[in-house]
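# Topology and contacts: notes
These are the residues of each chain, in order.
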Amino acid sequence: MIKTLTSWRGIFALCIVCFHFAMHEFDQMTYAGVTFFFILSGFLVGRRYDSIESWKSFYGRRIARIFPLHWLALAGMIVVDLVLMHKFHYGWDLPLHVVLLQSWVPDETVYYNYSIHSWFLSSMLFCVIATPLLLKFFARISQRITCALMTVICIAIASASVIASEQLISYFYVFPVFRLADYSLGILLGRAMRNCATPTLSPIKATAIELASLVVFAGFIALHASGNSIALKLENAPLWWIPMLLLIACFTMVNGQEGLIGKLLTLRPFIWLGEISFEIYILQKLVNNLFCYAVAPFFGHFGILIYDYSFACTQPLLLLTGWIVNRWYTRRIYSLSKRNL
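Now for a quick tour of the structure. (Residues numbered from 1 in each chain as written. Predicted model: local features only at pLDDT ≥ 70, side-chain atom pairs only at ≥ 80, totals over all residues. Heavy atoms only, no water.)

Where helix 14 (residues 268-275) meets helix 15 (residues 277-295), the axes come as close as 4 Å, and the angle between the chain directions of the two elements is 50°. Here helix 14 is positioned oblique relative to helix 15, judged by the angle of their axes. Here Leu273, Gly274 and Glu275 of helix 14 lie close against helix 15, whose contacting residues are Ser277, Glu279 and Ile280. When grouped by side-chain class, the residues that make up the contact of helix 14 with helix 15 number two nonpolar, two polar and two charged. (Axes fitted to C-alpha atoms, helices over the stretch in contact; angles between N-to-C directions. Helix = DSSP H or I, 4+ residues; strand = E, 2+ residues; numbered from the N terminus. Parallel < 35°, antiparallel > 145°, perpendicular 65-115°, else oblique. Contact = heavy atoms within 4.5 Å. Nonpolar A, V, L, I, M, F, W, Y, C, P; charged D, E, K, R; others polar.)

Shown next as structure tokens:
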């Protein structure tokens with residue numbers, strides 16, 4: 001485990017939650033964070049696997065990671081709808097959400113329906129399914145050709161984002177095929193770094209490497225914040241490819257010999273936050289609705305669903321819920337799947 005990357009997972013997850021609670025100053029961290037999660041998932045696969053000999057084991061572990069938490073969140077949303085919000089109508093798209101196919105439908109009212117943040121799992125599931133084919137393909141062609149091909153694909157996606165309408169750009173954000181590009185970039189980075197010898201670094205050099213990646217990241221944040229029209233068109237993913245790849249590469253390079261920033265990120269609170277980041281991300285709307293309709297009425301408020309009204313109270317509840325679910329549900333299911341596979 002690369003502890004600093006685990007901590008970055010927690011930081012980005014918390015920033016995403018803040019943005020969803022109407023804190024729009026976290027918009028750059030949110031878009032970058034989603035891209036980070038896709039790239040990191042591919043990076044961990046590329047760093048570990050050259051080829052996947054047992055597809056059953058690979059798919060089994062990842063399905064056990066994705067579906068149980070998704071079904072828990074979806075079931076919780078439906079229960080809250082029925083019992084607390086008195087919503088009894090469900091559309092034709094509910095089965096798509098159950099099997100995580102909603103991101104294939106180019107309709108915002110479909111892919112953001114029910115457990116709204118599960119679109120991420122829908123796109124990630126496609127990336128997981130495509131993993132053996134990607135590894136097989138990358139293993140058969142030279143690294144130079146692979147890089148050239150990915151460059152062409154990335155330019156094509158960026159170009160499509162620049163000329164697309166706002167509605168289409170919104171769909172690009174969740175479209176599984178486009179998100180496969182993020183995942184593939186991560187795989188290539190993982191494969192490249194797996195074959196590289198880790199240099200011996202002094203604390204000063206390690207800190208300089210960490211700081212350099214953050215400076216580049218800050219530069220892209222400043223570009224986005226400036227309101228540049230091209231940057232805004234690319235905000236859903238392409239804008240963040242370079243800083244996120246660099247961030248992952250730099251903190252992997254200094255793993256085990258961290259500088260000042262890395263040592264800070266290896267503190268237990270940051271690691272703990274990263275360990276429950278998956279639960280924080282998936283359960284955020286469910287916990288907010290529970291607070292608004294089950295807790296807030298005791299304080300004289302009922303049915304407040306506007307996120308910025310409930311953030312201060314919901315955030316501790318979300319962290320506690322994420323920890324409980326991670327410890328007593330996610331980990332146990334994952335451990336059971338590993339034993340059986």
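On we go.
A separate point is unusual backbone geometry. Phi is positive for Leu100, close to 60°, though the residue is something other than glycine. Along the polypeptide, Leu100 turns up in the loop between helix 4 (94-98) and helix 5 (108-111). The class of Leu100 is buried, set by a relative accessible area of 1%. Residue Tyr114 is not a glycine yet carries a positive backbone phi of 55°. On the secondary structure map, Tyr114 appears in the loop between helix 5 and helix 6 (119-140). Using a relative accessible area of 6% as the deciding quantity, one classes Tyr114 as buried. (Buried < 20%, exposed > 50% of the residue type's maximum accessible area, 1.4 Å probe, protein only.)

Attention now moves to the environment of Val34. Within the secondary structure layout, Val34 lies in helix 2 (residues 27-48). Exposure remark for Val34: the relative accessible area of 1% places this residue in the buried category. A C-alpha to C-alpha distance of 19 Å links Val34 and Leu318, two positions 284 residues apart in sequence. Other than its neighbours up to four places away in sequence, Val34 contacts Ile16, Trp119, Phe120, Tyr173 and Arg179.

A few words on the nonpolar core. Counting residues in hydrophobic clusters, the biggest one holds 91 residues, and the most contacted among them are Phe12, Phe36 and Met244. Among residues more than four places away in sequence, those in contact with Phe36 are Leu5, Trp8, Arg9, Phe12, Met244, Leu247 and Ile248. Membership of the second largest hydrophobic core comes to five residues, among which are Leu201, Ala206, Cys250 and Val254. (Core = buried A, V, L, I, M, F, W, Y, C linked by side-chain atoms within 4.5 Å.)

Moving on: the side chain of Ser103. Tracing the sequence through the fold places Ser103 in the loop between helix 4 and helix 5. Of note is the side chain of Ser103, whose polar atom sits 3.1 Å from the backbone oxygen of Trp119. Ignoring sequence-local partners within four residues, the contact set of Ser103 consists of Tyr111, Trp119, Ser122, Ser123, Tyr171, Val174, Phe175 and Pro176. (Polar contact = N/O pair within 3.5 Å; in protein donor to acceptor, adjacent residues only side chain to side chain.)

The next subject is the layout of surface pockets. Reported here for the largest pocket is a volume of approximately 1200 Å³. Forming the boundary of the largest pocket are 31 residues, of which Arg9, Ser41, Leu44, Arg65 and Tyr334 lie nearest the centre. Those elements giving two or more residues to the lining of the largest pocket turn out to be helix 1 (3-20), helix 2, helix 3 (55-83), helix 6, helix 14, helix 15 and helix 16 (307-340). With seven residues, helix 2 is the single largest residue contributor to the lining of the largest pocket. Counted by class, the lining of the largest pocket contains 18 nonpolar, six polar and seven charged residues. Taken as a whole, the second largest pocket holds about 570 Å³ of empty space. (1 Å grid on protein atoms, 1.4 Å probe; cavity = no way out; pocket = protein on both sides within 12 Å on 5 of 7 lines; lining within 4 Å. Points joined across faces, edges and corners; volume = space filled by probe spheres on them.)

On the surface, a cluster of nonpolar side chains totalling about 490 Å² of accessible area is made up of Trp71, Val98, Val99, Leu101, Trp104 and Val177. Of note, Val98 is situated in helix 4. Using a relative accessible area of 31% as the deciding quantity, one classes Val98 as partly exposed. (Patch = residues over 30% accessible without salt bridge, like charges linked within 9 Å, V, L, I, M, F, W, Y side chains within 5 Å. Areas by Shrake-Rupley, 256 points an atom, 1.4 Å probe, with all protein chains shown as cover. Salt bridge = Lys/Arg side-chain N within 4 Å of Asp/Glu carboxyl O.)

Time to look at empty space enclosed by the protein. Enumeration over the complete set of coordinates arrives at one cavity of 30 Å³ or more. Each pocket or cavity is described by its volume, and for the largest cavity that value is around 80 Å³. Every residue lining the largest cavity is listed: Ile157, Ser161, Ile169, Phe172, Tyr173, Phe178, Arg179, Asp182, Lys233, Asn236, Ala237 and Pro238. It is helix 9 (residues 176-194) that contributes the most residues to the lining of the largest cavity, three residues altogether.

Next up on the list: the packing of aromatic side chains. As enumerated under the stated definition, the model contains 25 aromatic pairs in all. Aromatic side chains Phe175 and Phe178 sit 5.6 Å apart centroid to centroid with 55° between the ring planes, which places their arrangement in the tilted category. Each member of the pair, Phe175 as well as Phe178, carries the same accessibility label: buried. (Phe/Tyr/Trp six-rings, centres within 6.5 Å; stacked < 30°, edge-to-face > 60°.)

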